[in-house]
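Close look at the chain arrangement
Okay, here's what each chain looks like letter by letter:
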Amino acid sequence: MRILLGKVALSIIPALLAGWAVSHQVLLMAWSRTHATLLPIVLVLVLSALLIAALRRILIITFCYAIAFLSYYTYRLARPLPPGLNYEWVLTVRALMLELVMILALTAAILEAFRPNTSWARRSYFAAVGLYFTGMGIRTYLWSHEMRSLLLIVTGIAALIASLVGRDDEPQQTVLPTSSPSPAEAVVVRKTRRLKEWTETPPSEEPTKMKIL
C-alpha cells in the first residue's frame with residue numbers, strides 16, 4: 001500500500017509542477033530574459049540531476065506532463081500558421097498531431113510513474129517529444145527563419161528515430177526451483193551406486209603378480 005501511494009504521489013506532484021510552469025510560461029520566459037546569466041547554472045543543475053536515478057525519474061515525468069500541457073495549450077490557443085501552411089487540412093492535421101502528442105506524453109508520464117524504464121514509456125516519451133519539437137520547429141522557422149528552430153527540428157527528428165529503434169524489454173526468465181528427489185528415487189540411487197562399487201574393482205585392490213625368479 002505504501003508503494004502504491006508513493007507511485008500515485010510520483011504521478012501527481014510532477015503534474016502540478018508542470019501545470020504551474022506551463023500556466024506561468026510568460027512569466028518564466030520574461031525571467032529568463034532578465035536573468036540570462038543564471039541559465040547556464042540552471043542547465044548544469046538539471047544535467048546533474050539527470051545523473052541521479054530518483055531525480056532523473058522525477059524530471060522525466062515532469063517533462064512529459066509539460067509536453068502534454070503545452071500541447072493542450074497550443075491546441076486551445078489555435079495560433080495562426082504561416083502563410084505557406086494556412087490551409088484547412090493543415091489545421092486539421094495539426095489538431096490531430098497535438099492530440100496525439102497529449103496522449104503519448106500522458107502515457108509516458110503515467111507509465112514512468114508506475115512502471116519505470118519500460119520500452120513503451122521510452123517510445124511514448126520520444127515520440128511525443130519528436131512530434132512536438134518537429135512541429136514547433138517547422139512553424140517557428142517558417143515565421144522567423146531563426147536558427148534555433150532548426151535545432152528544434154533536428155532534435156525532434158532524432159527523438160522520432162529513437163522512438164522507432166528503441167530496444168524492447170527483454171522477457172524475464174523465470175528460474176524454476178529444483179525439486180529434491182523423492183525417498184524412493186534416493187533408495188534407487190543408493191542401490192545403483194553400491195552395485196557399481198561392488199562390480200568395479202579399484203586399481204589399488206588388483207592382485208599383484210609374483211615374479212618367479
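Coordinates for the structure precede this section.
Presented here is an overview of the structure given in this document.

Where the residue is not glycine, phi is negative for most of them; where a peptide bond is considered, it is trans in most cases. Located in the positive-phi region is asparagine 117, a residue other than glycine, with phi close to 60°. Tracing the backbone through its elements, the reader meets asparagine 117 in the loop between helix 5 (88–114) and helix 6 (119–144). A relative accessible area of 59% means that asparagine 117 is categorised as exposed.

Enumeration according to the criterion identifies 4 aromatic pairs in this entry. Taken together, a centroid distance of 6.1 Å and an interplanar angle of 25° make the contact between tyrosine 65 and phenylalanine 69 stacked. Here tyrosine 65 pairs with phenylalanine 69, and both are found in helix 4 (residues 53–77), just 4 residues apart, close to one helical turn. The exposure class assigned to phenylalanine 69 is partly exposed, which follows from its relative accessible area of 28%. With 6.4 Å between their ring centres and 55° between their planes, tyrosine 132 and phenylalanine 133 make a pair best called tilted. The two residues tyrosine 132 and phenylalanine 133 agree in class, both being buried. Put simply, the rings of Phe63, Tyr125 and Phe126 touch in pairs and so form one group of aromatic residues.

A cluster of nonpolar side chains, contributed by Trp31, Leu38, Leu39, Ile41, Val42, Leu43, Leu45, Val46, Leu47, Leu50 and Leu59, occupies part of the molecular surface with about 910 Å² of accessible area. Here the nonpolar patch takes 7 residues from helix 3 (residues 39–49), the largest share from any one element. Along the chain, isoleucine 41 falls in helix 3.

This part covers the side chain of serine 163. Here serine 163 lies in helix 7 (residues 147–165). The class for serine 163 is buried, based on a relative accessible area of 9%. Apart from residues lying up to four places away in sequence, serine 163 is in contact with Arg123, Phe126 and Ala127.

Below, the discussion takes up the nonpolar core. With 11 residues, the main nonpolar core is built from Ile67, Ala68, Val101, Leu104, Ala105, Ala127, Ala128, Val129, Tyr132, Phe133 and Ala159. Of all elements in the fold, only helix 4, helix 5 and helix 6 reach the threshold of two or more residues within this core. Ranked by the residues each element gives to this core, the list is headed by helix 6, at 5 residues. Setting aside chain neighbours within four positions, we find alanine 159 in contact with Phe126, Val129 and Gly130. Ala18, Ile61, Cys64 and Ala113 belong to the second largest nonpolar core, which has 10 residues in total.

On to the packing of helix 6 against helix 7, then. Packing of helix 6 against helix 7 brings their axes to within 7 Å, and their N-to-C directions diverge by 155°. Judged by the angle between their axes, helix 6 and helix 7 are roughly antiparallel. Judged by the sense of rotation from one axis to the other, the crossing of helix 6 with helix 7 is left-handed. Partitioned by chemical class, the residues of the contact of helix 6 with helix 7 number 17 nonpolar, 8 polar and 1 charged.

Thresholds, definitions, all that
- Residues numbered from 1 in each chain as written.
- Predicted model: local features only at pLDDT ≥ 70, side-chain atom pairs only at ≥ 80, totals over all residues.
- Heavy atoms only, no water.
- Helix = DSSP H or I, 4+ residues; strand = E, 2+ residues; numbered from the N terminus.
- Buried < 20%, exposed > 50% of the residue type's maximum accessible area, 1.4 Å probe, protein only.
- Phe/Tyr/Trp six-rings, centres within 6.5 Å; stacked < 30°, edge-to-face > 60°.
- Patch = residues over 30% accessible without salt bridge, like charges linked within 9 Å, V, L, I, M, F, W, Y side chains within 5 Å.
- Areas by Shrake-Rupley, 256 points an atom, 1.4 Å probe, with all protein chains shown as cover.
- Salt bridge = Lys/Arg side-chain N within 4 Å of Asp/Glu carboxyl O.
- Contact = heavy atoms within 4.5 Å.
- Core = buried A, V, L, I, M, F, W, Y, C linked by side-chain atoms within 4.5 Å.
- Axes fitted to C-alpha atoms, helices over the stretch in contact; angles between N-to-C directions.
- Parallel < 35°, antiparallel > 145°, perpendicular 65-115°, else oblique.
- Left-handed = near helix turned anticlockwise from the far one by under 90°.
- Nonpolar A, V, L, I, M, F, W, Y, C, P; charged D, E, K, R; others polar.

Coordinates in, geometry out; function isn't part of it.
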